[in-house]
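Listed below are the residues making up each chain.
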Amino acid sequence: MADYLIETKGLNVGYGPIHVIYDLDFKAPAGEVTVIVGPNGVGKTSLMKAIMGMITMYSGQVFFEGEDITKVPPHQRTMLGIGYMPQTGNIFSKLSVDDNLKMASYIMADKDLVADKREMVMNLFPRLKGYLKRDAGTLSGGERQMLAESMVLMRDPKVMLVDEPTAGLMPKLVTDVLKKLEEMAEATGLPIIIVEQRARRALEIGDYAYLMRGGVFTFEGSAEELLNHPLLNEMYLGAVEVHDLKTIRE
């Protein structure tokens, strides 16, 4: 078993001719919550899409459980066990909550496993039990995120990628959503990679962390170390340029 569940080496990706990520080395330790923080537009979502094979790759490699999956198409990466919750378009708003959960598990051949996963998500998100017959589009922002997370879990992933789970939510819901992700990680042992603009709140639930600016990482280390760093605000805004941990610790 590889030490890192997901790893990229020398990653260069973008959208057509627009270069977004530069020579990026990323690794997500198995069994941990890895948090990637940074302002909007620095390449965080692009990294998630690169892991899923949904963006133009100029060079570099993507590894999952130690195997090179660089040329593996997105749907096969899902079959391998990479669960992806995008920032938008992550539920079927015109279908009921119940039908959303059924759609999420359509690739699962083991009906007993589907039943077990459904029971698990109902226990994790008991609020959804009362909304099974409601159209998903009528749910609140926080409830939609719960449903989106449940849909990923229904596919029995080995790792879960969560892109900007608090985007557009009210402050109280931000705390609730991130807390629920933390509870989910603790309850299931599922490794989670979270991309988030709200650095401090995300770092509070993380084990390992990256700070990203301009398509590169300016910090890599423990989430606690970054959370407690006296120059976190300056680093986040780019007022302080840091390119390795040694410099950070000095």
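The following paragraphs examine the structure supplied in this document. (Residues numbered from 1 in each chain as written. Predicted model: local features only at pLDDT ≥ 70, side-chain atom pairs only at ≥ 80, totals over all residues. Heavy atoms only, no water.)

### Some points on helix 5 (residues 141-153)
Counting along an α-helix, one turn takes 3.6 residues, and residues three or four places apart therefore face a common direction.
1) Next: The terminal C-alpha atoms of helix 5, which comprises 13 residues, lie 19 Å apart, in line with the 18 Å expected from a rise of 1.5 Å per residue.
2) Next: By the criterion of burial, helix 5 is predominantly enclosed, with eleven of the 13 residues buried.
3) Next: Of the surrounding elements, those touching the buried residues of helix 5 are strand 6 (82-85), helix 3 (97-104), helix 4 (111-124), strand 7 (159-163) and helix 6 (171-188). (Helix = DSSP H or I, 4+ residues; strand = E, 2+ residues; numbered from the N terminus. Expected span 1.5 Å × (residues − 1). Buried < 20%, exposed > 50% of the residue type's maximum accessible area, 1.4 Å probe, protein only. Contact = heavy atoms within 4.5 Å.)

### A look at the sheet that holds strand 2 (residues 18-29)
Strand pairing in a sheet takes place through backbone hydrogen bonds and is either antiparallel or parallel in direction.
1) Next: On the basis of which strands lie adjacent, the open sheet formed by four strands has the order 2-1-4-5 and antiparallel pairing. Looking at the sheet topology across the chains shown, the edges are occupied by strand 2 and strand 5 (67-68).
2) Next: Relative to strand 4 (residues 56-64), strand 1 (residues 4-15) runs antiparallel, the two being bridged by seven bridges. Across the sheet, residue Gly-14 finds its bridge partner in strand 4, namely Thr-56.
3) Next: Across the sheet, helix 1 (residues 44-52) lies against strand 1, strand 2 and strand 4, angled at about 110° from strand 1, the strand it touches most. (Pairing = 2+ DSSP bridges. Axes fitted to C-alpha atoms, helices over the stretch in contact; angles between N-to-C directions.)

### Side note on the sheet that holds strand 6
1) Next: Taken in spatial order, the six strands line up as 6-7-8-3-9-10 in an open sheet, and their pairing is mixed. Only two strands of the sheet have a single partner each, and these edge strands are strand 6 and strand 10 (216-222). For this sheet, the mean inter-axis angle between neighbouring strands, taken without regard to orientation, is 15°.
2) Next: The sheet contact formed by strand 3 (residues 33-37) and strand 8 (residues 192-196) spans five bridges and is parallel. Across the sheet, residue Val-35 finds its bridge partner in strand 8, namely Ile-194.
3) Next: Running over the sheet, helix 5 touches strand 6 and strand 7 and is turned about 165° from strand 6.
4) Next: Sitting on the sheet, helix 6 touches strand 3, strand 7 and strand 8, and the angle it makes with strand 8 is about 165°.

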